Amino acid sequence: MSWGTELWDQFDNLEKHTQWGIDILEKYIKFVKERTEIELSYAKQLRNLSKKYQPKKNSKEEEEYKYTSCKAFISTLNEMNDYAGQHEVISENMASQIIVDLARYVQELKQERKSNFHDGRKAQQHIETCWKQLESSKRRFERDCKEADRAQQYFEKMDADINVTKADVEKARQQAQIRHQMAEDSKADYSSILQKFNHEQHEYYHTHIPNIFQKIQEMEERRIVRMGESMKTYAEVDRQVIPIIGKCLDGIVKAAESIDQKNDSQLVIEAYKSGFEPPGDIEFEDYTQPMKRTVSDNSLSNSRGEGKPDLKFGGKSKGKLWPFIKKNKGATPEDFSNLPPEQRRKKLQQKVDELNKEIQKEMDQRDAITKMKDVYLKNPQMGDPASLDHKLAEVSQNIEKLRLETQKFEAWLAEVEGRLPARNEQARRQSGLYDSQNPPTVNNCAQDRESSPDGSYTEEQNQESEVKVLATDFDDEFDDEEPLPAIGTCKALYTFEGQNEGTISVVEGETLYVIEEDKGDGWTRIRRNEDEEGYVPTSYVEVCLDKNAKGAKTYI
């Protein structure tokens, strides 16, 4: 089965067919390209959908997602985001493995097709030229034969005429011989050209055209094979992401199975429990008694009050008897006294935790400033210690304000929980509350307060509670003249301009030596060379400590 032997006379049709094959290949490329665009668009829409339904940070909606069903929904959104990523992978792989590859192949195919058909047209032109030469020699041979025949007839006529001179007869005879010789020459030339044409024609139809058509056939078959391989790749690209997509779907199923309705019900109780006791029975008031008795309003009120059970709970007033009665809306009191006991306790505890975090943050900042001040005291060339006094005083003042605020809220919290300590215990515990260098997180500040009869609180300032800054572990830091050995290296993540004494400027991406790691003050001591060293913020560098020095590799 060869195009060269079976389709030897179908040059034009083969030219059209091969062009059609290239058009089909380009159409397939366009199809895959549109598929990649669809995959990208689908992935983008999935990501936007997942983002749309994600809870907003620091909003009430985020608090509602503590329930297991909502957590499962969040997991579903995250899995859908990963699911969208796999469709992006499909698009990228199809573009790189099919579109780019086939586009390059099409260009090569067009060039090869053009070369093959150029050779075919060249062979056609050559055989046509040979055919024209044959036709020309044939017509010349025919013409010379007719001329020779007419010259022979004229000679015979002249020879038979007795009135013609012998010279005229001889002239006619010579003319006939010349024409006859010309006919013979034309015959020989025609025969030679005919043999040459037959040879060229045989070569054309049995050698040149078969070879050219064979190349075209092989080119077309390669195109077909290449298109089939691309279709396999098309399916394989999809198949490669199926396991990962399956994992995403498994993640959604796992999230769904993690839903715990009992846990969610308990969370509802914790969220909305008021802490009130249900109201007791209302006593029957008998109005059938004689109206002659004279009872004052106060005595009547007292008698009615004595017969009613005490419905106070956790120090709350009688106004909380009916928790289902609508309350007047207004500004939320600072002590959350408008909330039921349980909800009030949760709000107060949350506020205390927030204040404790702020206190710890301020204390860390104070320790850092104190440490830096101590460095400046020991090495005045690094900076002026007095320049830090204002900042240190400001931070200490902030700490004291936060502590007082915490004490206020903890007093309310103690009131709600019914655990307000006795006054003598307050004084005893107050005396040693903040003597240590690192005082504990403020959790018992209610010791400095006691409730007044009207539910308010009183302050008692302890004059000895002023925070004393103790010496840090910088005491012996600069005693030795020998330079400190390097304990690791670091890379600057950002550019830092060392404005103050004791600091050093670094450029983003610069690698330096670490000679002292961060000791909790937020500063790391580094060295550029023997003469340049100083402190930089720890958050500005990525530190890699030497294993021999620290036993592990640490990134900050």
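Nothing here was measured: the structure is a model prediction, and the numbers come from that model. (Residues numbered from 1 in each chain as written. Predicted model: local features only at pLDDT ≥ 70, side-chain atom pairs only at ≥ 80, totals over all residues. Heavy atoms only, no water.)

### Examining the overall build of the chain
Where we set the bar: Strands here are runs of E lasting at least two residues and helices are runs of H or I lasting at least four, both read from the DSSP assignment and numbered beginning at the N terminus. Summary of the burial criterion: residues with accessible area below 20% of their type's maximum are buried, those above 50% are exposed, and those between are partly exposed, where the area comes from a 1.4 Å probe applied to protein chains only. Working rule for contacts: check all heavy atoms of both residues, and any pair within 4.5 Å makes them a contact. Only the protein chains shown count as covering a residue, and every accessible area follows the Shrake-Rupley method with a 1.4 Å probe.
Secondary structure summary: the chain contains eleven helices and seven strands in total. Here the chain holds 556 residues, and the buried ones make up 32% of them. Contacts in the chain between residues far apart in sequence, at least 24 positions, make up 72% of those at least 6 positions apart. Split by element, the accessible area of the chain, about 36,500 Å² in all, is 51% carbon and sulfur.

### A look at the sheet that holds strand β7 (residues 541-545)
Rules: When DSSP finds two or more bridges between a pair of strands, those strands are recorded as paired. Lines fitted to C-alpha atoms define the axes here, with helix axes fitted over just the stretch in contact, and angles between the N-to-C directions of these axes take values from 0 to 180 degrees.
Strand order across the open sheet formed by five strands is β6-β5-β4-β3-β7, with antiparallel pairing between neighbours. Each end of this open sheet is capped by a strand with a single partner; those strands are β6 (533-537) and β7. Sheet twist, expressed as the average angle between the axes of neighbouring strands with direction ignored, equals 40 degrees. Pairing between strand β5 (residues 523-527) and β6: five bridges, direction antiparallel. The residue of β6 that forms the bridge with tryptophan 523 is proline 537.

### A look at the packing of helix α4 (residues 68-160) against helix α5 (residues 166-257)
Filter applied, for reference: Oblique is the label for any angle not under 35 degrees, not over 145, and not in the 65 to 115 range, which are roughly parallel, roughly antiparallel and roughly perpendicular in turn. Side-chain classes are defined by residue name, with Ala, Val, Leu, Ile, Met, Phe, Trp, Tyr, Cys and Pro counting as nonpolar, Asp, Glu, Lys and Arg as charged, and the others, Gly among them, as polar.
Interhelical geometry of α4 versus α5 gives an angle of 175 degrees and a closest axis separation of 6 Å. Considering their axes alone, α4 and α5 lie roughly antiparallel with respect to each other. Residues of the contact of α4 with α5, tallied by class, amount to 45 nonpolar, 21 polar and 23 charged.

### With respect to the side chain of glutamine 217
Assignment of secondary structure puts glutamine 217 in helix α5. Leaving out residues up to four positions away in the same chain, glutamine 217 has contacts with Met1, Ser2 and Trp3.

### As for the pattern of salt bridges
Quick reminder of the rule: In what follows, salt bridge is the name for a side-chain nitrogen of Lys or Arg lying within 4 Å of a carboxyl oxygen of Asp or Glu.
Within this structure, the stated rule accounts for 24 salt bridges. Glutamate 334 is the salt-bridge partner of lysine 408, the closest N and O atoms lying 2.6 Å from each other. With lysine 408 in helix α9 (residues 389-417) and glutamate 334 in the loop between α7 (297-306) and α8 (341-378), the pair connects residues that are 74 residues apart, well separated along the chain. According to the relative accessible area criterion, glutamate 334 is partly exposed, its value standing at 42%.

### Focus: the pairing of β6
The buried fraction of β6 is high, at four of five residues. The hairpin formed by β5 and β6 contains five residues between the paired strands.

### Looking at the pairing of strand β3 (residues 488-492)
Judged by which residues are buried, β3 turns out to be one-sided: Gly488, Cys490 and Ala492 face inward and are buried, whereas Thr489 and Lys491, on the alternate face, are not. Relative to strand β4 (residues 511-516), β3 runs antiparallel, the two being bridged by four bridges. Across the sheet, the residue bridging to lysine 491 is threonine 511, located in β4. Here β3 pairs with β7 via five bridges, running antiparallel. Among the inter-strand pairings, lysine 491 is bridged to a residue of β7, identified as glutamate 542.

### Here's the deal with a nonpolar patch on the surface
Inclusion rule: What goes into a patch is any residue over 30% in relative accessible area without a salt bridge, connected to like charges within 9 Å or, for nonpolar side chains (Val, Leu, Ile, Met, Phe, Trp, Tyr), within 5 Å.
A contiguous nonpolar patch, built from Leu49, Tyr53 and Phe73 and spanning about 270 Å² of accessible area, is present on the exposed surface. For leucine 49, the location among the structural elements is in helix α2 (residues 11-52). Look at leucine 49 and you get partly exposed, because its relative accessible area is 44%.

### Description of the packing of aromatic side chains
The line we're drawing: When two rings of Phe, Tyr or Trp (its six-membered ring) have centres within 6.5 Å they constitute a pair, described as stacked for plane angles under 30 degrees, edge-to-face for angles over 60, and tilted for the intermediate range.
Counted under the stated rule, the structure contains 13 aromatic pairs. Judged by centre distance (5.2 Å) and plane angle (85 degrees), the ring pair of phenylalanine 409 and tryptophan 412 falls under edge-to-face. Of this pair, phenylalanine 409 and tryptophan 412 are both found in helix α9, three residues apart, which corresponds to roughly one turn of the helix. Judged by its relative accessible area of 7%, tryptophan 412 is buried. For the ring pair phenylalanine 496 and tyrosine 540, a centre distance of 5.5 Å and an interplane angle of 70 degrees mean the geometry is edge-to-face. Separated by 44 residues along the polypeptide, phenylalanine 496 in the loop between β3 and β4 and tyrosine 540 in the loop between β6 and β7 bring together distant segments of the chain. Accessibility expressed as a relative area gives 29% for tyrosine 540, which makes it partly exposed. Connected via pairs of aromatic rings, a cluster forms that spans Tyr494, Phe496, Trp523 and Tyr540.

### A word on the packing of α2 against α5
Stated precisely, the cut-off is as follows: Helix crossings get a hand from a simple test, with the near helix turned counterclockwise from the far one by less than a right angle marking a left-handed crossing and a clockwise turn marking a right-handed one.
In contact at an axis separation of 11 Å, α2 and α5 are set at 15 degrees when each is read in the N-to-C sense. The angle between the axes of α2 and α5 places the two elements in the roughly parallel class. By crossing handedness, the relation of α2 to α5 is classed as left-handed.

### Focus on the side chain of serine 230
Inspection of the secondary structure assignment puts serine 230 in helix α5. A residue is classified by how much of its surface remains accessible, and serine 230, at 5% relative accessible area, is buried.

### Some words on the environment of asparagine 500
Turning to its location among the elements, asparagine 500 is positioned in the loop between β3 and β4. If near-sequence neighbours (up to four positions away) are discounted, asparagine 500 is found in contact with Tyr376 and Met382.

### What about the nonpolar core?
Applied cut-off: In these notes, a set of buried Ala, Val, Leu, Ile, Met, Phe, Trp, Tyr and Cys residues joined through side-chain atoms within 4.5 Å is what counts as a nonpolar core.
Counting residues in each nonpolar core, the largest one holds 40 residues, and the members touching the most others are Leu25, Tyr28, Val32, Met94, Ile98, Phe213 and Ile216. Taken together, the elements giving at least two residues each to this core come down to α2, α4 and α5. At 16 residues, α4 tops the list of elements feeding residues into this core. In this structure, Val352, Ile369, Val375 and Leu388 belong to the second largest nonpolar core, which totals 21 residues.

### Looking at the environment of leucine 388
Here leucine 388 is to be found in the loop between α8 and α9. Along the primary structure leucine 388 and methionine 372 are separated by 16 residues, whereas in three dimensions their C-alpha atoms are 8.4 Å apart. Among all residues touching leucine 388, those that are not within four sequence positions of it are Ile369, Met372, Lys373 and Tyr376.

### Things to note about the confidence of the model for the chain
To keep things clear, this is the line we draw: Known as pLDDT, the predictor's confidence for each residue is given on a scale from 0 to 100.
Of the residues in the chain, 78% reach a pLDDT of 70 or more, and the chain-wide mean stands at 78. Counting contacts from residues 292-328, a segment whose pLDDT is below 50, to residues more than four positions away or on other chains yields 24 contacts. Under a pLDDT of 50 for its full length, residues 550-556 has, in the predicted model, 16 contacts with residues more than four places off or in other chains.

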